[in-house]
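The chain contents come next:
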Amino acid sequence: MSKIKIAIVGAGSAGLFAANEIGKQLGKEVEIKIFDAGPPIEKRICPQKEEFECAQCDPCRIMSGIGGAGVWSSGILNFNKKIGGDLEKLCSAIDLEVEQVIQQIDYLFLENGAPDKIFDPYRNKEELKDLRRKCAAVDVRFVPIRQRLLGSKNTPKIIKSIQNSLETKYDIQFFPNTKIPAFDKDKNLYFANNKKEQFDYILLAPGRWGMIWLSEQCEKLGIKTFYKALDIGVRVEVPSIILDEICEKVQRDPKFHIITPKYKDFIRTFCVNHKGYVVKENYEENVVGVNGHQISLNGDSDNSNFAFLIRQKLTSPLEDTTKYGRSIALQTSILGGYKPLIQTLGDLRDGHRSRRSLIKRNPVQPTLNDFTPGDIAMAYPYRFITDILEGLEILDNVIPGVNNNSTLIYAPEFKRSAKKVNTNEYLESKEIDGIFFAGDGAGMSRGIVAAALTGIIAAKGILNKIINNQ
Ligand SMILES: Cc1cc2nc3c(=O)[nH]c(=O)nc-3n(C[C@H](O)[C@H](O)[C@H](O)COP(=O)(O)OP(=O)(O)OC[C@H]3O[C@@H](n4cnc5c(N)ncnc54)[C@H](O)[C@@H]3O)c2cc1C
């Protein structure tokens, strides 16, 4: 009897954890093929430094490939059911215990070489209480989260180890450099050379890199999708010493939530890279962006950076948050000559364009080399600039120094939200049987652990169908 065939599109966190879940249950009884548009992990080594740890030069910034976007990230694993999506709701819909699934995800990373050290804010009770007191005094919400930092130096090795174990233990094959241009209702995947292959089940997990492609495919096949809120803001860079107390004693990636006084917008810190670097990202059609990463636990930069993001929903007539976010990012990219803009906070506040001579004398030196000094207020709406200035002023009560004139502000920083695909509780399309979705690209998650969790849920859906059809 021929084996049941399963295709997974996207070898990121969602795809890898889905494959592992199915492999664990059915071993070699099923055939799983994982296709990824990007290169194998070995080829993602920095061509300049010939090692994993770069992630700062342009050739390294390939945001796809085996391991997905997480490979070049700092790999901060957030173990909290409220981070990265509504993980509790997703799990309880199919009677899963969310904490157990999160633990299972952590375990696979540990088994494959993740550092033992865990950052647990509840360990240092006095420091946590002190931080909470400071936050409460100025209406800032602090979200305590247990975290593990893989570090961008380790992440590729850990992913490679997961890939090896999937290949050796189960009938799972990886197909890097294989972009899937289309799929259809009969569960055929199409390939570049006009070939197609039919599967019993397809799981689509293309990440943010593939989210526009996925929404176009869904539209073509009559699968409904919904717009989600946009996260847009700036990346803030400060001397690392001002974050030492919080990042080393309480939480490695501290999450602060603020409601801004004037517009009552929700603004938050995200992706805090203590002793890390700001990096440039190149998106499609001349849109650049910034992100951040930290190489290892000890870090080796004198600065820390974090995204400061406003969440913005839109209603009719422009519900398309991606289009709106992209138009702001494009405008910022044009102003910066297709390089990220940098401005000191002092200049942004005082309405001056920053100049290179001033940046050279600034007490905080940028960790990104490829930038244009400029005026972010020329590119961003007044509302967002107001939110950022107000937010930093409030945050200064919790992190003294963050609102200094010398603080560096980078733009554009935006997290494109994928459209959410219409699925049942097992993340199977409501319109087409046997087609499942998971991860950031299908609007199900934001982050490594959350994407993995959605991969596991979709895998359980596929397993159920296989068992029920036997
Ligand atoms: C610089 C950076 C830093 C980050 N830091 C963190 C962090 O510290 N902690 C955290 O939790 N999250 C972090 N994230 C987010 C995290 O990486 C993502 O949330 C996570 O990788 C999402 O997993 P995924 O499986 O949904 O998609 P991805 O990891 O994006 O994987 C999707 C894969 O699908 C492939 N693909 C897309 N379209 C196609 C197609 N048509 N055919 C074939 N293959 C296709 C892509 O090549 C890609 O490899 C970071 C992201 C970036 C970019």
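Residues numbered from 1 in each chain as written. Predicted model: local features only at pLDDT ≥ 70, side-chain atom pairs only at ≥ 80, totals over all residues. Heavy atoms only, no water.

Peer 1: How do you make sense of the domain arrangement of the protein when you look at a structure like this?
Peer 2: Frequently, the measure chosen for interface size is the accessible area that the parts lose on association. Here the domain parsing of the protein yields domain 1 (4–115 + 150–226 + 419–469) and domain 2 (230–415). Once you take the C-alpha centre of each, domain 1 and domain 2 turn out to be 29 Å apart. (Domains from an automatic or database assignment.)

Peer 1: I'm lost on the sheet that holds strand β2 (residues 30–35) in this one. Help?
Peer 2: What holds strands together in a sheet is hydrogen bonding between their backbones, with the strands either parallel or antiparallel. Here we have 5 strands laid out as an open sheet, ordered β6-β2-β1-β10-β22, and parallel in their pairing. Only two strands of the sheet have a single neighbouring strand rather than two, namely β6 (172–175) and β22 (435–437). Averaged over all adjacent pairs, the angle separating strand axes in this sheet is 20°, with direction ignored. Across 3 bridges, strand β10 (residues 201–204) lies against β22 in parallel orientation. Its bridge partner being in β22, Ile202 is matched across the sheet by Ile435. Helix α1 (residues 13–26) contacts β1 (4–9), β2, β6 and β10 of the sheet and is inclined by roughly 170° relative to β2. (Pairing = 2+ DSSP bridges. Helix = DSSP H or I, 4+ residues; strand = E, 2+ residues; numbered from the N terminus. Axes fitted to C-alpha atoms, helices over the stretch in contact; angles between N-to-C directions. Contact = heavy atoms within 4.5 Å.)

Peer 1: Whenever I open this one, the site of the ligand confuses me. Can you help?
Peer 2: Asp36, Ser64, Asp440, Gly447 and Ile448 are the nearest of the 36 residues found near the ligand. In this structure, an oxygen atom belonging to the ligand sits 2.5 Å away from a side-chain N or O atom of Asp440. Protein burial of the ligand: of its 990 Å² of free accessible surface, 93% is covered by the chains. Of all the secondary-structure elements, those providing two or more residues to the shell around the ligand are α1 and α12 (448–469). Partitioned by chemical class, the residues of the shell around the ligand number 15 nonpolar, 16 polar and 5 charged. (Near = heavy atom within 4 Å. Polar contact = N/O pair within 3.5 Å; in protein donor to acceptor, adjacent residues only side chain to side chain. Areas by Shrake-Rupley, 256 points an atom, 1.4 Å probe, with all protein chains shown as cover. Nonpolar A, V, L, I, M, F, W, Y, C, P; charged D, E, K, R; others polar.)

Peer 1: What should I look at first to understand the sheet that holds strand β9 (residues 196–198) in this one?
Peer 2: Read across the sheet, 3 strands follow the order β7-β8-β9 without closing on themselves; strand pairing throughout is antiparallel. Bordering the open sheet on either side are β7 (182–183) and β9, each of which pairs with just one other strand.

Peer 1: What is the right way to read the side chain of Asp265 from this model?
Peer 2: When you line up the elements, Asp265 lands in the loop between β13 (255–259) and β14 (266–273). Of note is the side chain of Asp265, whose polar atom sits 2.7 Å from the side chain of Arg383. For Asp265, the residues in contact, after removing those within four places along its chain, are Ile258, Ile259, Thr260, Ile310, Gln312, Arg383 and Asp387.

Peer 1: For this particular structure, what's the right way to read unusual backbone geometry?
Peer 2: A negative phi holds for most residues other than glycine; trans holds for most peptide bonds. The omega torsion of the bond from Ser316 to Pro317 falls at 10°, within 30 degrees of zero and hence cis. If you trace the backbone, Pro317 turns up in the loop between β17 (303–312) and α8 (321–335). The omega angle of the peptide bond from Ala411 to Pro412 is 0°, so this bond is cis rather than trans. The topology assignment puts Pro412 in strand β20 (residues 408–415). Not every positive phi belongs to a glycine, and Asn177 is a case in point at roughly 50°. Checked against the element boundaries, Asn177 lands in the loop between β6 and β7. Of note, the phi angle at Lys264 is positive, near 60°, even though the residue is not glycine. Topologically, Lys264 is positioned in the loop between β13 and β14. For Lys264, a relative accessible area of 57% gives the class exposed. (Buried < 20%, exposed > 50% of the residue type's maximum accessible area, 1.4 Å probe, protein only.)

Peer 1: Explain the packing of aromatic side chains to me, please; I cannot follow it from the model alone.
Peer 2: Note on aromatic pairs: each is described by the distance of the centres and the angle between the planes. The tally for this structure, following the rule as stated, stands at 8 aromatic pairs. An aromatic cluster is defined as three or more aromatic residues linked by ring pairs; in this entry it consists of Phe35, Phe175, Phe191 and Phe199. A cation over an aromatic ring shows up here: Lys262 above the ring of Tyr263, its NZ or CZ 5.7 Å from the ring centre. A cation over an aromatic ring shows up here: Lys419 above the ring of Tyr227, its NZ or CZ 4.4 Å from the ring centre. (Phe/Tyr/Trp six-rings, centres within 6.5 Å; stacked < 30°, edge-to-face > 60°. Lys NZ or Arg CZ within 6 Å of the ring centre and 35° of its normal.)

Peer 1: It is not clear to me how α12 should be interpreted in this structure. Could you clarify?
Peer 2: Residues three or four positions apart in an α-helix share a direction because the helix packs 3.6 residues into each turn. Its 22 residues place the ends of α12 32 Å apart at the C-alpha level, agreeing with the 32 Å of an ideal helix rising 1.5 Å per residue. The element α12 is extensively covered by neighbouring structure, given that 16 of its 22 residues are classed as buried. (Expected span 1.5 Å × (residues − 1).)

Peer 1: Just to check I follow, could you spell out the nonpolar core for this structure?
Peer 2: With 78 residues, the main nonpolar core has Phe109, Leu189, Phe437 and Leu453 as its most contacted residues. Take this core: its biggest share by element is 13 residues, from α12. Ignoring anything within four residues of it in the chain, the contact list for Phe109 reads Phe17, Leu77, Ala114, Leu150, Ile158, Ile162 and Ile448. Residues Phe256, Ile376, Leu392 and Val402 belong to the second largest nonpolar core, which totals 42 residues. (Core = buried A, V, L, I, M, F, W, Y, C linked by side-chain atoms within 4.5 Å.)

Peer 1: Explanation requested: the packing of helix α3 (residues 98–111) against α12 in the structure shown.
Peer 2: Two quantities define a packed helix pair, namely the angle between the axes and the distance from one axis to the other. It is at 10 Å that the axes of α3 and α12 come closest, and there the two elements cross at 110°. When the axis of α3 is compared with that of α12, the two are roughly perpendicular. Contacts between α3 and α12 pair Val98, Val101, Ile102, Gln104, Ile105 and Phe109 from the former with Ile448, Val449, Ala452, Leu453 and Ile456 from the latter. A per-class count over the contact of α3 with α12 returns 10 nonpolar, 1 polar and no charged. (Parallel < 35°, antiparallel > 145°, perpendicular 65-115°, else oblique.)

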